[in-house]
Amino acid sequence: MCDSHSGNRSSKTFKPKKNIPEGSHQYELLKHAEATLGSGNLRMAVMLPEGEDLNEWVAVNTVDFFNQINMLYGTITDFCTEESCPVMSAGPKYEYHWADGTNIKKPIKCSAPKYIDYLMTWVQDQLDDETLFPSKIGVPFKRNFMSVAKTILKRLFRVYAHIYHQHFDSVMQLQEEAHLNTSFKHFIFFVQEFNLIDRKELVPLQELIEKLTTKDR
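Cut-offs used in this document
Residues numbered from 1 in each chain as written. Predicted model: local features only at pLDDT ≥ 70, side-chain atom pairs only at ≥ 80, totals over all residues. Heavy atoms only, no water. Buried < 20%, exposed > 50% of the residue type's maximum accessible area, 1.4 Å probe, protein only. Helix = DSSP H or I, 4+ residues; strand = E, 2+ residues; numbered from the N terminus. Arc of directions from axis to C-beta. Contact = heavy atoms within 4.5 Å. Core = buried A, V, L, I, M, F, W, Y, C linked by side-chain atoms within 4.5 Å. 1 Å grid on protein atoms, 1.4 Å probe; cavity = no way out; pocket = protein on both sides within 12 Å on 5 of 7 lines; lining within 4 Å. Points joined across faces, edges and corners; volume = space filled by probe spheres on them. Nonpolar A, V, L, I, M, F, W, Y, C, P; charged D, E, K, R; others polar. Axes fitted to C-alpha atoms, helices over the stretch in contact; angles between N-to-C directions. Parallel < 35°, antiparallel > 145°, perpendicular 65-115°, else oblique. Left-handed = near helix turned anticlockwise from the far one by under 90°.

Draft legend 1. Structural context of helix H8 (residues 206–214). Within H8, burial applies to Leu-208, Ile-209, Leu-212 and Thr-213. In a view along the axis of H8, the buried residues occupy a sector of 115°, so they form one face of it. Away from the buried face of H8 by more than 90 degrees, exposed residues Glu-207 and Lys-211 are located. At its buried positions, H8 is contacted by helix H3 (42–45), helix H6 (145–173) and helix H7 (177–193).

Draft legend 2. Main features of the nonpolar core. Of all hydrophobic cores here, the largest spans 67 residues; its most connected members are Leu-156, Phe-157, Tyr-160, Phe-184, Phe-187 and Leu-205. Contributions of two or more residues to this core are made by helix H2 (25–37), helix H4 (54–76), helix H5 (112–127), H6, H7 and H8. The residues contacting Tyr-160, other than those within four sequence positions of it, are Phe-65, Gln-68, Ile-69, Leu-72, Leu-180, Ser-183, Phe-184, Phe-187 and Leu-205.

Draft legend 3. Broad picture of unusual backbone geometry. Here the phi dihedral of Gln-175 falls at roughly 55°; this positive angle occurs in a residue that is not glycine. By the secondary structure assignment, Gln-175 is in the loop between H6 and H7.

Draft legend 4. Local environment of the layout of surface pockets. There is about 190 Å³ of room inside the second largest pocket. Lining the second largest pocket are 11 residues, with Gln-192, Arg-199, Leu-202, Gln-206 and Ile-209 sitting closest to its centre. Within the residue set of the lining of the second largest pocket, elements represented by two or more residues are H7 and H8. Looking at the lining of the second largest pocket, the element that brings in the most residues is H8, giving four residues. Class assignment of the residues belonging to the lining of the second largest pocket gives a composition of four nonpolar, four polar and three charged.

Draft legend 5. Quick look at the packing of H4 against H7. At a closest axis distance of 11 Å, the pairing of H4 and H7 adopts a crossing angle of 155°. One element, H4, and the other, H7, form an angle in the roughly antiparallel class. Of the two possible hands of crossing, H4 and H7 adopt the one that is left-handed. Contact residues: Trp-57, Val-58, Asn-61, Asp-64, Phe-65, Gln-68, Met-71 and Leu-72 in H4; His-179, Leu-180, Ser-183, His-186, Phe-187 and Phe-190 in H7. Split by residue class, the contact of H4 with H7 holds eight nonpolar, five polar and one charged.

The quantities given are spatial measurements derived from coordinates; they are silent on function.
Written out as structure tokens, the structure reads:
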């Protein structure tokens, strides 16, 4: 929902953008979300619209956050390399090891670009699974949908955390900090509204979260 800025840099995504089919109900929901975001009140913008299904609202926003993070990380891939980021970290205290439960069952230590590649590919596979993220009207969500969405959002948070801790200088050089802050603030308000990420998972960016959210209480 953050529009890309002009120029090639911002349109470069790390993975292909996930599109919501035009004319679908989810597309209408996305348009509604964009319109309310424009009002500037993020607390209101993330609330479940009246009469709408919570699963569908979470699904539309999860796809949108994937696209936003995809674009934000795409702008700094030149700076996030095997050499600069040999481990996937969020500051000196937090390190993430990758496992997806199917292809890689035992968590492996890997570089940040490799971890983020695994992570974004895994998220993309979930979003492309019609049984998990149905795009057709009337197709019900699986009973485990919310737990899958929570795992996706928990993992997407780690990309924000890595960008803020390890690459914020590059983000500022590219003059993308307002874009990053707006996207992250929207993400945090959304996960707080529906209690989608455990608080202990958010600790690596706790100070920033407090700073971004206290102004809007």
